[in-house]
Amino acid sequence: MSLIPLRPGPRWARRLGAATTVGLVANGLRLRRRATALARVAPGAAPAPDLGRWRVITATGVELEPSAVAAAIGWAEAEGLDAVDVVPTDLPVERALDLFRQVDPAAYRTDPLLEGRTAGHAVVVREDVAKRADLPTGSIPPAEFVELARQVKRFAPRTSDVAVVPGVRALAEDLDDRRAVQKEQWDRYSTLAIGIPAVQLGALGVGAVVAPAWGVPAMAAYLLQPLLVHVGGDQAVRPRDLARHVPRRWVDEVRRLIGTAQATAPPGITARTSQELRPHYAAELEQGLARFFEARATACPWCGSGELSLKISSPDLIQQKPGTFDLDECGACGHIFQNPRLSIEGLDFYYRDFYDGLGAGEMERIFASEREQYDGRVEMVAEHTAPPRRWLDVGTGHAHFCLVAQGRWPEAIFEGVDMSSSIEEAADRGWVATGHRGLFPELAPSLADRYDVVSMHHYLEHTREPKEELDAAATVLEPGGHLMIEVPDPECVWGRLLGNRWLPWFQPQHQHFVSLGNLEEALEARGFTVVARHRTRANQALDLLAGMWLSLGQIAPRPGMPWLAPATLASRTWRTAVCVAALPLMAGVAVLDKAMGAIPRPDGIGNTYRVLARYDGPPSAEPTPEG
């Protein structure tokens, strides 16, 4: 009896099936490494802890045995930790895989920029950290554990970990809670938490029918992936449902996905906050936009020339608040500046809910993702100066850079300056020793001659009078100290090719674009000597991807923003469809960006430059002619 061969199917299906199979196996191996690396608390291995110095927070319905609490706290004290997220030993398969997708145990404790993650059951935190972080007490709903874990990691960035604690049993899953957790994790992208798995499961099912020769192996790889992750080796998590879940995984996950999509859950934080803010924005916009702009300048603010021409005109492509913004270019010195510039009232309106409020969570994640830039800045200083003693970071925000730099120079004192309340939280977190809130030129006299390093990273372009900021830096630096500046490079070719879709134009926030030559002249006039400059090394390879993202935002605006029309089912569906459809193209564009960024440019000019200058003291006055 001859066997009937499985149909190979169309070429696209064969390729997709092969790629899916390889991807599932590779991802399974990655998750297995993480599962094996997850810490396990041995009962009774640590000395009896002082329970009064710790706070235990549990998800609603979780009951911890005193022995489990003592074991978790004892292990934390033995390891020198301030917080431990407690993982049940019998966490079900899919929830364990979700945890391993989010947490790399090898890096979680050592990388201070990683976002806090949780198994959603319990956490033990030192009481002093819990008080500084304003953490809750007792039990809280599972969805609130998402932000709790983030806050714990912010306040204990190098002393938090995730560990399996014996004697802790996993809660049965409630789909309403699952959907609520997704909305807190994904926020305004929570539809993708349903859409992406739906596409994956659908592709597996269709592939098994259309091209079984390749679809069936892909389905088999999907079904067997949990065995690859959990069977064999010294695994801390032993899912209680492993044997029964594997053969019916696809069917179970389809049912679970449908149930989650139908579940009842409150809106995510963006939707809740937007609804609260909508009346306030409506009242402001009724007054018109004219008050947000000053009179148009007729002379260049850098050199005084009246030879001005329009460089770029752009709407707000980031937040999509109303208004159109012009950048003029000086024909004499090449300086580019916003004209007319925003008034103080305009700055308040267009900055609001970007770095704080509604946009705080998203910006926190963006800043935490810029480790490569932070390391580049650290290396520039390390290559050209002695180890810093006292460092002032201007425009520091929540001080992500300072947190990274502390890892290189733990003995140095880092302080920060910012206009927003973020600087106060940075000090509360311990990311800076002192936070100074206010305008840098106004604060400078009280900080005179105090620092051996001052840094301004993507700050100068936001200021109204950049030369005054340079004067302030000279004031606070001691002679021999160093100033590091990083700004967008207006000479980058992408600024011309992409027009207003070049992200560094960043209207309406960026007020000034200072060329490298102009900046170096201004520094020398103030007693600085440039000792190093990075152009290629400071470049961020994201021009094409960011330009595509800005274009997608125009095609399908973010629904639900309080300054835009209220979200509808149609607007949310359109936004989701456009984003999902664009994912393959965006992935390709991201690869192209990286590849082009790796190619040396003849002129060395990228989208960013970085300068390090030594302050030699106030320049001597020009000698007066005799007679």
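Presented here is an overview of the structure given in this document. Since the model is a prediction, treat every value here as computed from it, not as a measurement.

## Details of the overall build of the protein chain
When helices and strands are tallied, the protein chain shows 23 helices and 17 strands. Taking 2.2 N^0.38 as the reference for a compact globule, 627 residues should give roughly 25 Å; the C-alpha atoms of the protein chain span a radius of gyration of 27 Å, in line with that estimate. When its C-alpha atoms are laid out on the principal axes, the protein chain stretches across 110 × 65 × 50 Å. Residues counted as buried form 51% of the 627 residues belonging to the protein chain. Sequence-distant contacts in the protein chain: of pairs separated by 6 or more residues, those separated by 24 or more amount to 79%. Total accessible area on the protein chain is roughly 28,300 Å²; 59% of this is exposed by carbon and sulfur atoms. Distance from the positive charge centre (66 side chains) to the negative charge centre (77 side chains) of the protein chain: 9 Å.

## Here we look at helix α14 (residues 360-368)
For α14, the full list of buried residues reads Met-363, Glu-364 and Ala-368. In an axial view of α14, the angular spread of the buried residues amounts to 135°, which keeps them on one side of the axis. Contacts from the buried residues of α14 go to α6 (144-155), α15 (371-384), α16 (400-408) and α17 (422-429).

## Section: the state of the cysteines
Put plainly, two cysteines are in a disulfide when a covalent bond ties their sulfur atoms together. Counted under the stated rule, the structure contains zero disulfides. The structure places no disulfide on Cys-300, whose sulfur is separated from the nearest cysteine sulfur, that of Cys-333, by 3.7 Å.

## Things to note about the pattern of salt bridges
Applying the stated criterion across every chain, the model contains 46 salt bridges. Taking the shortest distance from any N to any O, the salt bridge between Arg-126 and Asp-82 comes out at 2.8 Å. Of this pair, Arg-126 sits in strand β4 (residues 122-126) while Asp-82 sits in the loop between α2 (66-79) and β3 (83-87), placing them 44 residues apart in sequence. Taking the shortest distance from any N to any O, the salt bridge between Arg-464 and Glu-294 comes out at 2.6 Å. Here Arg-464 is found in the loop between β13 (451-457) and α19 (466-476), whereas its partner Glu-294 is found in the loop between α12 (269-285) and β7 (308-315), with 170 residues between them in sequence.

## Things to note about the packing of α15 against α16
The contact between α15 and α16 brings their axes to 10 Å, and the two run at 50°. Viewed along their axes, α15 and α16 adopt a mutual orientation that is oblique. As α15 runs across α16, the sense of the crossing is right-handed. Residue-level inspection shows Arg-371, Tyr-374, Asp-375, Arg-377, Val-378, Glu-379 and Ala-382 of α15 in contact with α16, the latter providing His-400, Phe-401, Val-404, Ala-405 and Arg-408. Residues of the contact of α15 with α16, tallied by class, amount to six nonpolar, one polar and five charged.

## Observations concerning the packing of aromatic side chains
Overall, the coordinates contain 18 aromatic pairs when judged by the stated rule. Between Phe-292 and Tyr-350, the aromatic rings sit 5.8 Å apart at their centres with planes inclined by 75°, giving edge-to-face as the arrangement. With Phe-292 in the loop between α12 and β7 and Tyr-350 in helix α13 (residues 344-351), this pair connects stretches of sequence that are 58 residues apart. One aromatic cluster is present, built from ring pairs that chain together Tyr-281, Phe-292, Phe-293, Phe-325, Phe-349, Tyr-350 and Trp-563. Between the NZ or CZ atom of Arg-249 and the centre of the ring of Tyr-222, over which it lies, the distance is 4.0 Å. Sitting over the face of the ring of Trp-302, Lys-467 holds its NZ or CZ atom 4.6 Å from the ring centroid.

## Topic: the sheet that holds β13
Spatial strand order, β12-β11-β10-β13-β14-β17-β16: seven strands in an open sheet with mixed pairing. Because the sheet does not close on itself, it has two edges, and the strands there are β12 (434-437) and β16 (528-534). When the angles between neighbouring strand axes are averaged without regard to direction, this sheet yields 20°. α17 contacts β11 (413-418) and β12 of the sheet and is inclined by roughly 170° relative to β12.

## Observations concerning the packing of helix α8 (residues 190-210) against helix α11 (residues 249-262)
Orientation of α8 relative to α11, taken along the N-to-C sense of each, is 150°, at an axis distance of 11 Å. Considering their axes alone, α8 and α11 lie roughly antiparallel with respect to each other. Where α8 crosses over α11, the handedness of that crossing is left-handed. On α11, the residues touching Ile-194, Pro-197, Ala-198, Leu-201, Leu-204 and Gly-205 of α8 are Trp-250, Glu-253, Val-254, Leu-257, Thr-260 and Ala-261. In the contact of α8 with α11, the residues fall into nine nonpolar, two polar and one charged.

Calculation criteria
- Residues numbered from 1 in each chain as written.
- Predicted model: local features only at pLDDT ≥ 70, side-chain atom pairs only at ≥ 80, totals over all residues.
- Heavy atoms only, no water.
- Helix = DSSP H or I, 4+ residues; strand = E, 2+ residues; numbered from the N terminus.
- Rg over C-alpha atoms; globule rule 2.2 N^0.38 Å.
- Buried < 20%, exposed > 50% of the residue type's maximum accessible area, 1.4 Å probe, protein only.
- Contact = heavy atoms within 4.5 Å.
- Areas by Shrake-Rupley, 256 points an atom, 1.4 Å probe, with all protein chains shown as cover.
- Lys, Arg positive; Asp, Glu negative; His and termini not counted.
- Charge placed at Lys NZ, Arg CZ, Asp CG, Glu CD.
- Arc of directions from axis to C-beta.
- Disulfide = S-S within 2.5 Å.
- Salt bridge = Lys/Arg side-chain N within 4 Å of Asp/Glu carboxyl O.
- Axes fitted to C-alpha atoms, helices over the stretch in contact; angles between N-to-C directions.
- Parallel < 35°, antiparallel > 145°, perpendicular 65-115°, else oblique.
- Left-handed = near helix turned anticlockwise from the far one by under 90°.
- Nonpolar A, V, L, I, M, F, W, Y, C, P; charged D, E, K, R; others polar.
- Phe/Tyr/Trp six-rings, centres within 6.5 Å; stacked < 30°, edge-to-face > 60°.
- Lys NZ or Arg CZ within 6 Å of the ring centre and 35° of its normal.
- Pairing = 2+ DSSP bridges.

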